[in-house]
Amino acid sequence: MAQWDRLRQLPAVYGQQLHELYDRDALPMDVRHYLSVWIEKQEWRRAARDHDLAVVLLQVLLENLDIQHSRFVQEESFLLQHNIRRYKQNFQRYLEEPCALASTILWFLEKEKEILQSADLAEQVQFLQVEQEAMETSSQQDLERKMAGLRNEVQCMEHTMICLEEQQDEFDFKYQTHKMEAVVDEALKKNQIKNLQLLVNRLNDCRKSTLLDLNKLLDRTEDLIDILVKKELVEWQRRQQKACIGAPDDVCLDQLEKWFTCVAVCLFQVREFLSKLEELIGKVSYDNDPVKSQKPALQKRADNLLKDLLKSSFVVETQPSMPQGKGPLVLRTNVQFSVKTRLLVKFPELNHSMKVSVSMEREAPQIKGYRRFNVLGTKTKALNMAESQSGGMVADFRHLTLKEQKSGGSSKGASDIPLSVTEELHVIFFDTLFELKGLSVELQASSLPVVIISNSSQQQSAWASVLWFNMLSQDTKDVMFFANSPAATWPQFGEMLSWQFLSATKRGLNDDQLEMIAHRLFGKHLNYDTCKVAWSKFCKENTPDTFWVWFDGILVMVKTYLEDLWRDGLIMGFVSKGKEKSLLKKKQRGTFLLRFSESVIGGITFSWVDTTATGEPDVKTVQPFTKVDLTQIPFHEIIRNFQILEAENIPENPLLYLYPNTPKDEAFGKYYSDKSGVDSPYIKYIKTKLVFVSKENTLEAKSPMSSDMVQGEGLESLNDLCGEAAEQDENCHSLDSPLETCHPDVMLSDLAETPQDELLMYVNNFNHFAGTGIFDDDTGLFNCLTSQSCGSILQYVLLYLLTNIITNKREMANCMFC
């Protein structure tokens, strides 16, 4: 690529450097731009030392400026005419010192190279590409070279056709002259005939050579079409499939459009060359004329190649999706969806002339119960360049809906394959007609298989089907995929799971997190690469807590409530209870980590390390927080305000260091609300500042059970002071600390916890209760509490008293005992 063209494609920061460079008057940017090709081909370094060469280059420079001036006169570009005239006058001052001009231009070219080198270095540092990406880049560069070679051959063929026509005109003129002169001298006549025969032989050889070159040109074109259609387009379609399920793959079509258009333009020029040959043999032909015998085959081959290219060039650029859907390819009946098609062969003269129509179920399988749908809305649109940011030929359908056809009974010969609604796959088709320069081709594109639901409750399962299909299948019309769905290897499956977090939060899963998930699925293995996940294990099991339900619950929670914390790497998330204990027991007291619950759908909890009376590490865990909690107060505020009551009944926050050793306020400080009390952003929803409190005397071990939940707390509303269980841990049949309490999993038992185990909410701003009379009569706090034991109420009163003692409100405390 020319140096000037490379400079123009640099990022904005380097473009600014280029503008600053050409703020000098010594070499105007206009001159550098319009004469870029000529300037870069000259030997300015030698001209800076060679006076004669410098004089020649200066004269040619002035002549080129005259040519540009004439061009702008024809184009009626008044301002550019003025500028070019002024630049020429400025350059004429170098007539006495032409070497100085050469040195000046050389200096500018060297500075340009420095900008390019700095840009290349920055790109290498910032984008250290893996070997595969380097191979892809090399492949694209090779394709670019082949495209340039094709364009060059077409230009050469244009010149060959001109020479062939001139040669034929020469023969035709001399032949017609010979016929009109009626020469009597036999010797002269024979000599003329001999010369004419030599001319016709040369013409014949030239025609044979032209036909041979056209064949070679079509060979080169066919090779490029194979690369474009069978490799580049297929790879783009696969990238699009993966991008639909969250992969960070580039699905921009601009480069493919450039390549497709280049080949199509060349093939149309070949058709023009063949038409020119037809015109030439209409004027001059002879026995064994090679054009007559070979042109039909060449014409057929060129047309077939062009048709193949055009049929592959019509694609679905943006797959069907609903505005509020979980992802693309999940559509709901009677809800609008959008989809965009694109023609990769860009001919501006076809703008708005090609109509695209939408249809469905053209090749619907004959399955009993398989639903059929009609497409409603604006089903026909014109391909145009106005609806594309890059100026491509697109038809953007934005207001389509689907309506299920009334069942007319099973068709004859229909098979009975059990597929659920979310396992039915449907394809949407798009048709248009390409007509240009005597060529007419019907084009068809089809969407990736979509899942059609009728209720939002089906969306989670439908998205699971979309994930599974696009992870494993490259046959984009295989609507019977789930009749015999293959299993996924762990590398495929783990990568897909990471994409879900990457697309939702801009941060995927690391190796440790993926290993925990693999351990959950397969048990302990040294290497999981050979392990496989069946479709039924992923989503289809007849249980409410399949793997996908659990994983998606976490994903939704993170996206909705914890995205910033997750993106900043503060949530370890996927870590088993056993691994959690082994990590924390090696750390100092107060070290904690955040992980997702394995038993509560969409739950997150935290565990911290404490020490027993004997100085042994003791890991404690709170009950998972869910969306019920996180909708009331942000998770970082829960961590900030969490407290337990120590033996001396002094509230203390046990969370000091985020694993491995980051001080809590350093990790979460930027999320804290600086305001508190009446200025708190939560005051309109929660009339007090809430601090979560655990009582030490409720953290006593009870009878050993097959779980090791440790007493903790969750977020409770003021009007619902109910108790909470803590989450299970593994390897805990014998508890390490008398402060640990064993409770059955709340997801597996309906047994209510005893009142004395309840976790209380500590209100550290009692000014909000002043004058409310909540302790005065039947309308106060005691009536707003849910049904509890007297012991539970007494605990609350004692806690209230304790708070007032701590805040030196002794008079109110004495009143409470009255």
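It should be emphasised that the depicted structure is a prediction, and the values quoted were computed from it without experimental measurement. (Residues numbered from 1 in each chain as written. Predicted model: local features only at pLDDT ≥ 70, side-chain atom pairs only at ≥ 80, totals over all residues. Heavy atoms only, no water.)

## Let's talk about the overall build of the protein
Looking only at helices and strands, the protein has 25 helices and 21 strands in total. Here the protein holds 818 residues, and the buried ones make up 47% of them. For the protein, restricting intrachain contacts to residue pairs at least 6 apart in sequence, the fraction spanning at least 24 positions comes to 71%. (Helix = DSSP H or I, 4+ residues; strand = E, 2+ residues; numbered from the N terminus. Buried < 20%, exposed > 50% of the residue type's maximum accessible area, 1.4 Å probe, protein only. Contact = heavy atoms within 4.5 Å.)

## As for the confidence of the model for the protein
The predicted model of the protein has a mean per-residue pLDDT of 78, with 78% of residues at 70 or higher. Throughout residues 128–133 the model reports pLDDT below 50, and contacts reaching past four residues in sequence, or to other chains, amount to two contacts. Contacts of residues 683–818 to residues separated by more than four positions or lying in other chains number 261 contacts, the stretch itself having pLDDT below 50. (pLDDT = per-residue confidence, 0-100.)

## Some details on the pairing of strand 7 (residues 393–404)
The sheet contact formed by strand 3 (residues 337–343) and strand 7 spans six bridges and is antiparallel. Of the residues in strand 7, the one forming a bridge with R342 is V394. Where strand 5 (residues 373–377) and strand 7 come together, five bridges link them in antiparallel fashion. When the bridges of strand 7 are listed, V375 appears paired with L402. (Pairing = 2+ DSSP bridges.)

## Section: the side chain of T621
Mapped onto the fold, T621 is located in strand 15 (residues 617–621). By relative accessible area, T621 is classed as buried at 3%. Polar side-chain contacts of T621 include one of 2.6 Å to the side chain of S607. (Polar contact = N/O pair within 3.5 Å; in protein donor to acceptor, adjacent residues only side chain to side chain.)

## Some remarks on the packing of helix 10 (residues 186–244) against helix 12 (residues 290–313)
The geometry of helix 10 relative to helix 12 is characterised by a closest axis approach of 10 Å and an angle of 15 degrees between their N-to-C directions. Here helix 10 is positioned roughly parallel relative to helix 12, judged by the angle of their axes. Where helix 10 crosses over helix 12, the handedness of that crossing is left-handed. (Axes fitted to C-alpha atoms, helices over the stretch in contact; angles between N-to-C directions. Parallel < 35°, antiparallel > 145°, perpendicular 65-115°, else oblique. Left-handed = near helix turned anticlockwise from the far one by under 90°.)

## Describing the environment of E158
Tracing the sequence through the fold places E158 in helix 9 (residues 131–181). Overall, the relative accessible area of 33% leaves E158 in the partly exposed class. In the structure, E158 is positioned 111 residues away from Q269 in sequence and 8.8 Å away in space, judged by C-alpha atoms. Filtering out sequence-adjacent residues up to four positions away, E158 remains in contact with Q269 and F273.

## A look at the pattern of salt bridges
Under the counting rule described, the total for this entry stands at 43 salt bridges. For R32, the salt bridge is made with E40, and the minimal N-O distance between the two is 2.9 Å. In this structure, R145 and D142 form a salt bridge, with 3.6 Å as the shortest nitrogen-oxygen distance. Here R145 pairs with D142, and both are found in helix 9, just three residues apart, close to one helical turn. A relative accessible area of 31% places D142 in the partly exposed class. (Salt bridge = Lys/Arg side-chain N within 4 Å of Asp/Glu carboxyl O.)

## Quick word on the nonpolar core
Counting residues in each nonpolar core, the largest one holds 163 residues, and the members touching the most others are F434, W468, F493, F538, F606 and F635. Taken domain by domain, the makeup of this core includes at least three residues from each of domain 2 (487–571) and domain 3 (573–701). When residues no more than four places from it in sequence are discounted, the contact partners of F635 are L562, L565, L594, I604, F606, F625 and L630. W4, V31, C99 and A102 belong to the second largest nonpolar core, which has 36 residues in total. (Core = buried A, V, L, I, M, F, W, Y, C linked by side-chain atoms within 4.5 Å. Domains from an automatic or database assignment.)

## Considering helix 14 (residues 490–505)
In this model helix 14 runs 22 Å from its N-terminal to its C-terminal C-alpha over 16 residues, within 8% of the 22 Å that 1.5 Å per residue would give. Turning to helix 14, its buried residues number three or more, namely W490, F493, G494, M496, L497, S498, W499, Q500, F501, A504 and T505. Within two residues after helix 14, K506 carries a phi angle of roughly 70 degrees, on the positive side. (Expected span 1.5 Å × (residues − 1).)

## Observations regarding the sheet that holds strand 14 (residues 604–611)
Taken together, five strands build an open sheet; the order of strands is 15-14-13-18-19 and the sheet is mixed. The strands lining the two open edges of the sheet, one partner per strand, are strand 15 and strand 19 (662–663). In this sheet, strand 18 (residues 657–658) lies alongside strand 13 (residues 591–596) in parallel orientation, the contact comprising two bridges. Residue T591 lies in a different strand from strand 18, and its bridge partner there is Y657. Strands strand 13, strand 14 and strand 15 of the sheet are contacted by helix 19 (residues 577–584), whose axis makes an angle of about 165 degrees with strand 13.

## Looking at the packing of aromatic side chains
A full pass over the atoms with the stated rule returns 40 aromatic pairs. Summarising the aromatic geometry, the rings of F493 and F538 are spaced 5.5 Å apart at their centres and angled 85 degrees between planes, so their arrangement reads as edge-to-face. Placement of F493 in helix 14 and of F538 in helix 16 (residues 535–540) is noted, with a sequence separation of 45 residues between them. F538 shares its class with F493; the two are buried. (Phe/Tyr/Trp six-rings, centres within 6.5 Å; stacked < 30°, edge-to-face > 60°.)

## Considerations on the side chain of T605
Tracing the backbone through its elements, the reader meets T605 in strand 14. Given the relative accessible area of 0%, T605 is considered buried. A polar contact is formed between the side chain of T605 and the backbone oxygen of V622, at a distance of 2.5 Å.

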